[in-house]
Amino acid sequence: MAREVLVAGETLIDCIPERPGPLEDVAGFERRPGGAPANVAVTLARLERPPLFWTRVGADPFGRYLERTLADRDLPTRFVERDADAKTTLAFVTHDETGDREFTFYRNGTADTRLEPGRIDDETLADCEWVHAGGVALASGSSRAAMFDLLERAAGAGCTVSFDPNLRPELWADTETFANVVGDALAHVDVCLATVEELAALDFAGESPTASARAAVERGPVHTAFVTRGGDGAVAVAGADAPWPAAAVDHAGFAVDAVDTTGAGDAFVAGAIAALREGRDLRETVAFANAVAATTTTAPGAMTALPTRDEVSPLLEPK
């Protein structure tokens, strides 16, 4: 029997605007389930068997809606926690005419900032092959200590640990704090999936996305780095320490009619995890992850737009 994947981090409400434009000019929003780790977990459930998912929501109507949504998408409820003393995070998403988005968070002391160390027991980690987390949980509250505890123990248990820095400047005091905290987290990470801007904030700068990825791998202990470039696809570098063949890959992505890019990066992360766990090489992995991400952009919302393998496969068929 295949060992488990554990995804950890925030689940929240994305408030999607009725039309593009600045937040102050938008009159109406639609409630959608979101949160980067939640999107990764749901995508994995749609691409392969559901992962374990550790998250925390408020004991409020939004939290109950998210609990029901996760259950409806076949995610196990074992580590979905309900906080009686905190609300569920809200994120208002604004789009420009190309579908690119910005976020405004209502997240002061909310449930997902209150994860606690030690809630994932050693027996669970012993059954896990892969553990994935993201940077938002490190931004504030007891969740920072909880994520450090999880990443350190997962690495010690022999799990492959992946991490998405997911920089949201509004959630951090400054870029230096982000770099210091996330830099400490990367000490326990094998696979980093980031944007060029995030790698630059972490002092992994290069003359090209491939050079930035290579800088992250050369500094270690990260052995594989993916750099997403939106509509221009992604690159990846695997070093000699990676359990798959060392390589540097540049994939231009897929041309689609993008409606909403929310969740596309999370879909890429899930696609990469799924492909690597299947034993695909780095080139196949980047192509598959790009196809999952591109398909996600063709429908509005984040979690509601995440695709199945059947929906992704047309992009991968030879032309």
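Below, the structure is looked at part by part. (Residues numbered from 1 in each chain as written. Predicted model: local features only at pLDDT ≥ 70, side-chain atom pairs only at ≥ 80, totals over all residues. Heavy atoms only, no water.)

**Looking at unusual backbone geometry**
Argument step 1. Along the chain, glycine 220 connects to proline 221 via a cis peptide bond; the corresponding omega equals -5 degrees.
Argument step 2. Secondary-structure assignment places proline 221 in the loop between helix H7 (209–219) and strand S11 (224–228).
Argument step 3. In this structure, asparagine 166 takes a positive phi of about 45 degrees despite not being glycine.
Argument step 4. Classification of asparagine 166 as buried rests on a relative accessible area of 7%.
Argument step 5. A positive phi angle, close to 70 degrees, is found at aspartate 203, a residue other than glycine.
Argument step 6. A relative accessible area of 54% places aspartate 203 in the exposed class. (Helix = DSSP H or I, 4+ residues; strand = E, 2+ residues; numbered from the N terminus. Buried < 20%, exposed > 50% of the residue type's maximum accessible area, 1.4 Å probe, protein only.)

**Observations regarding the environment of alanine 215**
Argument step 1. For alanine 215, the position within the fold is in helix H7.
Argument step 2. As for alanine 215 and valine 237, which are separated by 22 residues in sequence, their C-alpha atoms are 9.5 Å apart.
Argument step 3. Leaving out residues up to four positions away in the same chain, alanine 215 has contacts with Phe204 and Ala205. (Contact = heavy atoms within 4.5 Å.)

**Things to note about the packing of helix H9 (residues 282–296) against helix H10 (residues 309–316)**
Argument step 1. Here H9 crosses H10 at 115 degrees, and the two axes come no closer than 9 Å. The orientation of H9 relative to H10 falls into the category roughly perpendicular. Along this stretch, H9 crosses H10, giving a crossing that reads as right-handed. Two secondary-structure elements touch here, H9 through Ala287, Phe288, Ala291, Val292, Ala294 and Thr295 and H10 through Arg309, Glu311, Val312, Leu315 and Leu316.
Argument step 2. Classifying every residue of the contact of H9 with H10 gives eight nonpolar, one polar and two charged. (Axes fitted to C-alpha atoms, helices over the stretch in contact; angles between N-to-C directions. Parallel < 35°, antiparallel > 145°, perpendicular 65-115°, else oblique. Left-handed = near helix turned anticlockwise from the far one by under 90°. Nonpolar A, V, L, I, M, F, W, Y, C, P; charged D, E, K, R; others polar.)

**Focus on the pattern of salt bridges**
Argument step 1. The final tally for this structure, using the stated rule, is 19 salt bridges.
Argument step 2. As a salt-bridge pair, glutamate 4 and arginine 49 come within 3.9 Å of each other at their nearest N and O atoms. Residue glutamate 4 is found in strand S1 (residues 4–8), and its partner arginine 49 is found in the loop between helix H1 (36–47) and strand S4 (52–58); the two are separated by 45 residues along the sequence.
Argument step 3. Its salt-bridge partner being glutamate 67, residue arginine 82 comes within 2.7 Å of it at the nearest N-O pair. On the criterion of sequence distance, the pair formed by arginine 82 in strand S5 (residues 80–83) and glutamate 67 in helix H2 (residues 61–72) is long-range, its members being 15 residues apart.
Argument step 4. Connected via shared salt-bridge partners are Arg56, Glu81, Asp83, Arg114, Glu116 and Arg119. (Salt bridge = Lys/Arg side-chain N within 4 Å of Asp/Glu carboxyl O.)

**Concerning the packing of aromatic side chains**
Argument step 1. Across all of its chains, the model carries six aromatic pairs by this definition.
Argument step 2. Ring geometry for phenylalanine 29 and phenylalanine 92: centres 5.1 Å apart, planes at 85 degrees, overall edge-to-face. Residue phenylalanine 29 is found in strand S3 (residues 29–34), and its partner phenylalanine 92 is found in strand S6 (residues 90–95); the two are separated by 63 residues along the sequence.
Argument step 3. In this structure phenylalanine 29 comes out as partly exposed when scored by relative accessible area, which is 32%.
Argument step 4. On the basis of an interplanar angle of 20 degrees and a centroid distance of 5.9 Å, the ring pair of phenylalanine 103 and phenylalanine 105 is categorised as stacked.
Argument step 5. Of the aromatic side chains, those joined through ring pairs into one cluster are Phe29, Phe92 and Tyr106.
Argument step 6. One Lys or Arg, arginine 31, reaches over the ring of tyrosine 65 and ends 3.5 Å from the middle of that ring.
Argument step 7. Directly above the aromatic system of phenylalanine 288 lies the positively charged group of arginine 280, at a separation of 4.5 Å from the ring centroid. (Phe/Tyr/Trp six-rings, centres within 6.5 Å; stacked < 30°, edge-to-face > 60°. Lys NZ or Arg CZ within 6 Å of the ring centre and 35° of its normal.)

**Quick word on the state of the cysteines**
Argument step 1. Tallied over the full model, the rule gives zero disulfides.
Argument step 2. Of all cysteine sulfurs, the one in cysteine 159 lies closest to cysteine 128, which takes part in no disulfide; the gap is 5.4 Å. (Disulfide = S-S within 2.5 Å.)

**Observations concerning the sheet that holds strand S10 (residues 191–195)**
Two pairing modes exist for strands in a sheet, parallel and antiparallel, and in both the strands are linked by backbone hydrogen bonds.
Argument step 1. Overall, mixed pairing links the nine strands, which are arranged S5-S4-S1-S8-S9-S10-S11-S12-S13 in an open sheet. In the strand order of this sheet, the two ends are held by S5 and strand S13 (247–251), each with one partner. Between one strand axis and the next, the sheet turns by 15 degrees as a mean value, whatever way the strands run.
Argument step 2. Of the strand pairs in this sheet, strand S8 (residues 128–134) and strand S9 (residues 160–164) are connected by five bridges, and their pairing is parallel. Following the sheet pairing, glycine 134 is matched in S9 by aspartate 164.
Argument step 3. Docked against the sheet, H1 engages S1, S4 and S8, running at close to 155 degrees with respect to S1. (Pairing = 2+ DSSP bridges.)

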